[in-house]
Amino acid sequence: MRKPPNEEPREELEVTPPRTWAAGAPAVTHALEYSLEETSARRTGVTLLNMNQVGGIDCPGCAWADPAPGHRHLNEYCENGAKHINDEATSRRVTADFFRRHSVTELGMHSDLWLNQQGRLTEPMVKRPGSDHYEPVSWHDALGLLADELKSLPSPDEAVFYTSGRVSNEAAFALQLFARAYGTNNLPDCSNMCHESSGFALHETLGTGKGTVSLEDLHHADLIFLVGQNPGSNHPRQLSALEQAKRNGARVVAVNPLPEAGLLRFKNPQKARGVIGRGVQIADRFLHIRSGGDLALFQALNRLLLEAEEARPGTVLDHDFIRTSTSGFDEFSRHARSVAWEDILAATGLTREEIEQTHGEVLRSKRVIVCWAMGVTQHRHGVPTIREIVNFLLLRGNLGRAGAGACPVRGHSNVQGDRTMGIWEQMPDSFLDALQREFGFDPPRRHGLDSVDAIRAMRDGRIKVFLGVAGNFVLAAPDTAVTEEAMRRCRLTAHISTKLNRSHTVCGETALILPTLGRTEVDLQPGGEQFVTVENSMSEVHVSRGRLQPASRLLLSEVAILCRLARRTLDGRTGIPWEGFEADYGALRDRIANVVPGLHDFNRRVVRPGGIRLPNPVNEGVFGTTTGKAMFTCNAWQMPEAPEGHLLLQTLRSHDQWNTVPYTNDDRYRGIHGSRRVVLVNPEDITDLGLSEGERVDLVGVWTDGAERRAEGFRAVPYPTSRGCAAAYYPETQVLVPLDSVAETSNQPTSKGLVVRLESRAG
Ligand SMILES: Nc1nc2c(c(=O)[nH]1)N[C@H]1C(S)=C(S)[C@@H](COP(=O)(O)OP(=O)(O)OC[C@H]3O[C@@H](n4cnc5c(=O)[nH]c(N)nc54)[C@H](O)[C@@H]3O)O[C@H]1N2
Ligand SMILES: Nc1nc2c(c(=O)[nH]1)N[C@H]1C(S)=C(S)[C@@H](COP(=O)(O)OP(=O)(O)OC[C@H]3O[C@@H](n4cnc5c(=O)[nH]c(N)nc54)[C@H](O)[C@@H]3O)O[C@H]1N2
Ligand code: SF4
Ligand SMILES: [Mo]
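Residues numbered from 1 in each chain as written. Chains lettered and ligands numbered in written order. Predicted model: local features only at pLDDT ≥ 70, side-chain atom pairs only at ≥ 80, totals over all residues. Heavy atoms only, no water.

Outline the side chain of glutamine 650, supporting the account with residue identities and numerical values.
As for its position among the elements, glutamine 650 is in strand β25 (residues 647-652). Discounting chain neighbours no more than four positions away, the residues touching glutamine 650 are Pro257, Leu258, Ala726, Ala727, Ala728, Ser751, Lys752 and Gly753. (Helix = DSSP H or I, 4+ residues; strand = E, 2+ residues; numbered from the N terminus. Contact = heavy atoms within 4.5 Å.)

An account of the domain arrangement of the chain is requested, with residue identities and associated values reported.
What the domain assignment lists for the chain is domain 1 (20-88), domain 2 (93-193 + 414-597), domain 3 (196-408) and domain 4 (647-760). Taken over C-alpha atoms, the centre of domain 1 sits 27 Å from the centre of domain 2. Taken together, the contact between domain 1 and domain 2 spans 19 residues of the former and 21 residues of the latter. For the pair domain 1 and domain 2, the summed buried area comes to about 1,800 Å², and 50% of that belongs to carbon and sulfur atoms. Looking at the side of domain 1 facing domain 2, the largest losses of area belong to Arg43, Asp58 and Glu88, adding up to 33% of the total buried there. Inspection of the domain 1/domain 2 interface yields two salt bridges. Ionic pairing is found between arginine 519 and aspartate 58, a salt bridge with its closest N-O pair at 3.0 Å. At the boundary of domain 1 and domain 2, one finds 12 residue pairs in polar contact (both at pLDDT 80 or more). Elements that contribute at least two residues to the side of domain 1 that touches domain 2 include exactly α2 (41-50) and α3 (79-88). (Domains from an automatic or database assignment. Buried area = accessible area lost by both parts, 1.4 Å probe. Salt bridge = Lys/Arg side-chain N within 4 Å of Asp/Glu carboxyl O. Polar contact = N/O pair within 3.5 Å; in protein donor to acceptor, adjacent residues only side chain to side chain.)

An account of the sheet that holds strand β10 (residues 265-267) is requested, with residue identities and associated values reported.
Read from one edge of the open sheet, three strands run β2-β10-β11, paired in mixed fashion. Each edge of the open sheet is held by one strand with a lone partner, namely β2 (22-23) and β11 (280-281). (Pairing = 2+ DSSP bridges.)

Quick one: what's the story with the site of ligand 2, residue by residue and with numbers?
In the vicinity of ligand 2, 31 residues are found, and the nearest of them are Tyr162, Ser164, Glu558, Thr660 and Tyr730. Between ligand 2 and the protein, one listed contact pairs a nitrogen atom with a side-chain N or O atom of glutamate 558 at 2.5 Å. Take serine 751: an N or O atom from its side chain is 3.4 Å from a nitrogen atom of ligand 2. Notes on ligand 2: free accessible area 940 Å², of which the protein chains cover 96%. Grouping the constituent residues of the shell around ligand 2 by class yields 12 nonpolar, 14 polar and five charged. A domain split of the shell around ligand 2 shows at least three residues from each of domain 2 (93-193 + 414-597) and domain 4 (647-760). (Near = heavy atom within 4 Å. Areas by Shrake-Rupley, 256 points an atom, 1.4 Å probe, with all protein chains shown as cover. Nonpolar A, V, L, I, M, F, W, Y, C, P; charged D, E, K, R; others polar.)

Which residues make up the sheet that holds strand β30 (residues 696-701), and what are the values?
The six strands lie next to each other as β25-β32-β29-β31-β30-β33, forming a closed barrel whose pairing is mixed. The mean angle between the axes of side-by-side strands here comes to 45°, regardless of whether they run parallel or antiparallel. Pairing between β25 and strand β33 (residues 754-760): three bridges, direction antiparallel. Its bridge partner being in β33, leucine 647 is matched across the sheet by valine 756. (Axes fitted to C-alpha atoms, helices over the stretch in contact; angles between N-to-C directions.)

Could you give me a rundown of the pattern of salt bridges, with the residues and numbers involved?
Counted under the stated rule, the structure contains 56 salt bridges. Arginine 323 is the partner of aspartate 320 in a salt bridge, and the nearest nitrogen-oxygen pair spans 2.6 Å. Taken together, the residues span about one helical turn, with aspartate 320 and arginine 323 both in helix α16 (residues 319-325) at a distance of three residues. The exposure class assigned to arginine 323 is exposed, which follows from its relative accessible area of 56%. (Buried < 20%, exposed > 50% of the residue type's maximum accessible area, 1.4 Å probe, protein only.)

Which residues make up the state of the cysteines, and what are the values?
The full count for this structure, using the stated rule, is zero disulfides. You can see cysteine 407 has no disulfide; the closest cysteine sulfur is in cysteine 371, sitting 3.9 Å from it. According to the relative accessible area criterion, cysteine 407 is buried, its value standing at 3%. (Disulfide = S-S within 2.5 Å.)

Let's hear about the site of ligand 3: which residues, and what values?
Every residue near ligand 3 is listed here: Asn52, Cys59, Cys62, Tyr77, Cys78, Gly81, Pro236 and Arg237. A class-by-class count of the residues in the shell around ligand 3 yields five nonpolar, two polar and one charged.

Break down the environment of arginine 367 for me, with residues and values.
Topologically, arginine 367 is positioned in the loop between α19 (352-363) and β14 (368-372). C-alpha separation for the pair arginine 367 and asparagine 616, spaced 249 residues apart in sequence, amounts to 18 Å. In this structure, arginine 367 is in contact with His220, Ala221, Asp222, Leu223, Asn398, Arg401, Ala402, Gly403 and Ala404, ignoring residues within four places of it in sequence. Among the polar contacts listed, one links the side chain of arginine 367 to the backbone oxygen of histidine 220, at a separation of 2.8 Å.

Just give me the short version of the pairing of strand β9 (residues 251-255), but keep the residues and values in it.
As a general feature of sheets, a regular strand has side chains that alternate between the two faces. Burial analysis of β9 places four of its five residues in the buried class, which makes it a mostly covered element. Inspection of the sheet shows strand β8 (residues 223-227) paired to β9 by five bridges, in the parallel sense. What sits directly across from isoleucine 224, in β9, is valine 252. Summarising the sheet, β9 and strand β12 (residues 285-287) pair through three bridges and their orientation is parallel. Paired with alanine 254 across the two strands is phenylalanine 286, which belongs to β12.

This is the structure in structure tokens:
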């Protein structure tokens, strides 16, 4: 076992020019360096060779899809996937002795990086009321404590069950089944803070919350938009798909306030020419947009398409598709023409020529795909922006056919699957009816609490018990000070986790750490060795099977913990065979097959190479919307604005972190080394604000409630971000996101487009 580091890493900022290409040879060496630092060479070999292979370990990183079986490389992973997997496979351990040496208060003062570096959690721990230390507890007593607390609540709605998107389908299904049998729909998840805006916009306009494209579609598109995403760091193998598409003749338009390395040039580390050559240019056109300008951009493109049709009737729009498959076109086309150019140019910061040239590319392309991620969803107007993207696709029939469609690029490896399994506070009646038929109990129908509403309820004392299944809720959620206070008001907080994080240091009166197996590990149950299943961003459900020996013999799998908790809490009330589910996940999958559409014959079909592709009704011409057709919508123009002397801040990921967990203090592609406390600002803005390069500043949030939100001690780094827009890393800047600052209709926190001022610390 490796000794965990005692000391905090030293912070020393060094800035080098941002990189203009992603991946290539350094990516391979960086991945291996991190692997060997964290684990042994043998464990590294086992995990990496099995990663993303048929029947192997599904990468616990992002949700990007694997190529079809037979088309995979021996090394079918990226630099960051290797880091994520080795972060879990580390040989460092957090033991009972560690918790004897460190009080909860002391742990709370350590950085997130340090907490994560301590290694894998090894046995269940409890912090009892009045104590400042975690102490060991048996599984029996830990689950008894939690079950007793749940049973004592006057209403099941006084508990919340949070899920993060790394959780397998089997564990997610068990969790929601337990929560609903217990009597609540309080099932907030990380998706509430991630692609919730996509779900709302797509449901309303297309009748499905999921994307409509496959990898094959991407390979055969003529034009691909990458809007508000940083694939070089966050979905690296998307670059391989784009490389393939480009070889087939596709053109790529990237829309971003930052010229991200992966958007510019890609050197494929899986190919000899990628390691030594110049690589492939990814974006043919880079639109250096203002923060939040995407709604206006797509409004402009739509207006130009309507005008082109008017000039050359019958040549631009797909009239057949519009007539047979859509509703609301007339109203939309009237509204679309009313958007003024001066507003568009103000909101986007682009020139009219740039937008007209992009329009020209659209006209030349038969098959168009729009990909998007957090740069779109995390804005206040994320939902109307995505609705406008749908309008754009509908106009030329770019939906439901090969090489075209909508591609919300998902974050966590199974975030989409968790939703398919029923992790959502507002599951439709059709799902609840199916649960009722299959299990014979009455699931609650009243909508539960999402992440933001759960925090409000905890803050107001309406929630007594919080259970987190994976994730790091305290730092993933907005308004750190408010969220921490809310957690501390709970009677009991419990987390099923693989590694130590901030959420374990912000405790309710009683707190539990329930350590669990990770995806890399062998999962042995009475019914034999188990595998789990996951669903990627392209609706493919497949097997993940761990290969390594568990980090500790005291670990239980997520499914086992949840089934035991359910048994202890429900006391056999519902007749659900929890014990059988725990012994053999196949028994659980047999029941899932009866509840979730598209997963019939689940056990047999999922083990086939490539697994199961869930049907997407849109691709069969079926739209489950209120009109039964794909819906055009009218979206009012809007742009985020910062008053004089302020900037629009986005909170984002570095190349070297997994969400709330920094791996190092570096962000290689952006040329930031040794410190994460930096704010990237356009050089002209630095001058206009009277600051100097590298000056130490506080970021001060401005919000309608007048409360001061301050992130202290950042260096102002000149960076080619668009004018008036700044960027700084999450979770350090989470303190600046007000709890009440949420996206329209989706209630998703606005982690982008925050109004801040930079206050010099010199004076
Ligand atoms: N290595 C690594 N991979 C990850 C993750 C990780 O933490 N680390 N997290 C995973 C998860 S859960 C998710 S959701 C995804 C997130 O993947 P991304 O969405 O790529 O995540 P962010 O780091 O938030 O980057 C947002 C991108 O949008 C751009 N952007 C910001 N505001 C705007 C805007 O107004 N308009 C436009 N057009 N662009 C804008 C930013 O400059 C940046 O390039 O990544 C997943 N993959
Ligand atoms: N300001 C700001 N806030 C954001 C965002 C942003 O861009 N800006 N992004 C949002 C987004 S997109 C997301 S998805 C959320 C992410 O929110 P979460 O998903 O809640 O957070 P993670 O950082 O992914 O959680 C990491 C922890 O998960 C646990 N873990 C890892 N693997 C496993 C496993 O296999 N099983 C179990 N049980 N536990 C495991 C480990 O203990 C680890 O410390 O944050 C959101 N918050
Ligand atoms: S692209 Fe995503 S899923 Fe694929 S190896 Fe990299 S992190 Fe893992
Ligand atoms: Mo996410």
